[in-house]
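Reading the structure
Spelled out, the chains give:
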Amino acid sequence: MRHVIALDVGGTGMKAALVGPDGELLHEARRDTGRDRGPDAVVASILDFADALRAHGLAEFGEEAAAAGVAVPGIVDTEKGVAVYAANLGWSDVPLRDMLTSRLGGIPVALGHDVRTGGLAEGRIGAGRGADRFLFMPLGTGIAGAIGINGVIEPGAHGSAGEIGHVVIRPGGIPCGCGQRGCLERLASASAVSLAWAEASGDPEADAADCARAVVAGDPRAVAVWQEAVDALADGLVMAVTLLDPRTLIIGGGLAEAGETLFTPLRAAVEERVTFQKLPTIVPAALGDTAGCLGAGLLAWDLLATEVSA
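All values reported here derive from a predicted model rather than from experimental measurement. (Residues numbered from 1 in each chain as written. Predicted model: local features only at pLDDT ≥ 70, side-chain atom pairs only at ≥ 80, totals over all residues. Heavy atoms only, no water.)

Here we look at the side chain of Thr-117
The topology assignment puts Thr-117 in helix 3 (residues 114–125). With a relative accessible area of 3%, Thr-117 lands in the buried category. For Thr-117, the contacting residues outside a window of four places in its chain are Ala-71, Gly-112, Ala-291, Gly-292, Gly-295, Ala-296 and Leu-299. (Helix = DSSP H or I, 4+ residues; strand = E, 2+ residues; numbered from the N terminus. Buried < 20%, exposed > 50% of the residue type's maximum accessible area, 1.4 Å probe, protein only. Contact = heavy atoms within 4.5 Å.)

So this is what it looks like as structure tokens:
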């Protein structure tokens, strides 16, 4: 059976699959990145994992994978196939595409940014299916975005389009690791809500999920923390709507797991803020933590289609 290798590299773990032509997950596997052993060990883990997937596909389906798609965090030069920088993994300027091509016997390899790759999957086969313009925003440790236009993710001139987490929403506010103050991700990410709720509740172990449960229970401290995050997120989304005019806003990541505890007040807050803008549909992401892996598979199939058409 014809198939491709799909690999989604995270800060601590990797999710992988062999994907059929129709997007079916034929085989799934997970491994640690090994980042505690340094960036070279992370690269070695990726290469070893990809090679193991290649061997599994050959044994199970009687042929080599036709291509591979790999999603990685940080700054990615997709044209050159270079993982430029990732703070969580400690690497810089890793020619990952060429290394994987060599390890996998010369098959074509597509390298993508993790959030944009996840957005590709959500746009084509997930919550954004059928939307010609969408913005995918996972609210996790940080906040990033993927701008979808007619089934393709816009990378930007320098590969950094969609970094909405570093739009300043509260000038002069909380310092951000990027060097600015008051960035959206310092106010409305899952990690930001976790920090705010830990402080408000007096429980250093409390997180965003605990805050959401306390909101449902009617705890006024939790309601205040949650509303501050919702208001900041709504301000950021209205800015994005003004600039991009998306038809659909897809919200994913850990904070979206709160369901309507997040979406009901968020939709209301965005609606209150729009004036001349057309209000987009705001929906939860549909693919969960498989989005990056599915998107990596799409990158691989797209690469094969491009080579055939060329």
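Picking up where we left off.
Some remarks on the packing of helix 5 (residues 190–201) against helix 6 (residues 208–217)
Closest axis-to-axis distance for the helix 5/helix 6 pair is 8 Å, and the angle between their directions is 65°. Relative to helix 6, helix 5 is oriented roughly perpendicular. Crossing angle aside, the handedness with which helix 5 passes helix 6 is left-handed. The residues of helix 6 that touch helix 5, namely those facing Ala-190, Val-193, Ser-194 and Trp-197, are Ala-208, Asp-210, Cys-211 and Ala-214. Among the residues making up the contact of helix 5 with helix 6, the classes are represented as six nonpolar, one polar and one charged. (Axes fitted to C-alpha atoms, helices over the stretch in contact; angles between N-to-C directions. Parallel < 35°, antiparallel > 145°, perpendicular 65-115°, else oblique. Left-handed = near helix turned anticlockwise from the far one by under 90°. Nonpolar A, V, L, I, M, F, W, Y, C, P; charged D, E, K, R; others polar.)

Remarks on the environment of Asp-36
Assignment of secondary structure puts Asp-36 in the loop between strand 3 (25–32) and helix 1 (39–61). For the pair Asp-36 and Arg-213, spaced 177 residues apart in sequence, the C-alpha to C-alpha distance is 33 Å.

Some remarks on the sheet that holds strand 9 (residues 133–138)
Within the open sheet, the five strands sit side by side as 11-10-9-12-13. Their pairing is mixed. At either end of the open sheet lies a strand with only one pairing partner, and these are strand 11 (152–153) and strand 13 (281–284). Of the pairings in the sheet, the one linking strand 12 (residues 248–252) to strand 13 comprises four bridges and is parallel in character. Across the sheet, Thr-248 pairs through a bridge with Thr-281, a residue of strand 13. Where helix 3 meets the sheet, its contacts fall on strand 9, strand 10 (146–149), strand 11 and strand 12, and the angle it forms with strand 9 comes to roughly 130°. With respect to the sheet, helix 8 (residues 260–273) is in contact with strand 12 and strand 13, its orientation differing from that of strand 13 by roughly 160°. (Pairing = 2+ DSSP bridges.)

Thoughts on the pattern of salt bridges
Enumeration over the complete set of coordinates arrives at 14 salt bridges. The residue Asp-302 makes a salt bridge to Arg-124 at a minimum N-O spacing of 2.6 Å. With a gap of 178 residues between them, Asp-302 in helix 9 (residues 291–309) and Arg-124 in helix 3 connect regions that are remote in the sequence. What makes Asp-302 partly exposed here is its relative accessible area of 27%. The shortest N-O distance in the salt bridge between Glu-260 and Arg-267 comes to 3.1 Å. A residue is classified by how much of its surface remains accessible, and Arg-267, at 30% relative accessible area, is partly exposed. When salt bridges that share partners are traced, they join Asp-48, Asp-51, Arg-54, Glu-64 and Arg-103 into one network. (Salt bridge = Lys/Arg side-chain N within 4 Å of Asp/Glu carboxyl O.)

Quick look at the pairing of strand 7 (residues 91–94)
Bridging between strand 6 (residues 82–86) and strand 7 involves three bridges; their strand directions are antiparallel. The partner of Ala-86 across the bridge, within strand 7, is Trp-91. Where strand 6 folds back on strand 7, the antiparallel hairpin that results is connected by four residues, among which Gly-90 adopts a positive phi of roughly 75°.

Read these as layout, nothing more, since geometry by itself doesn't imply function.
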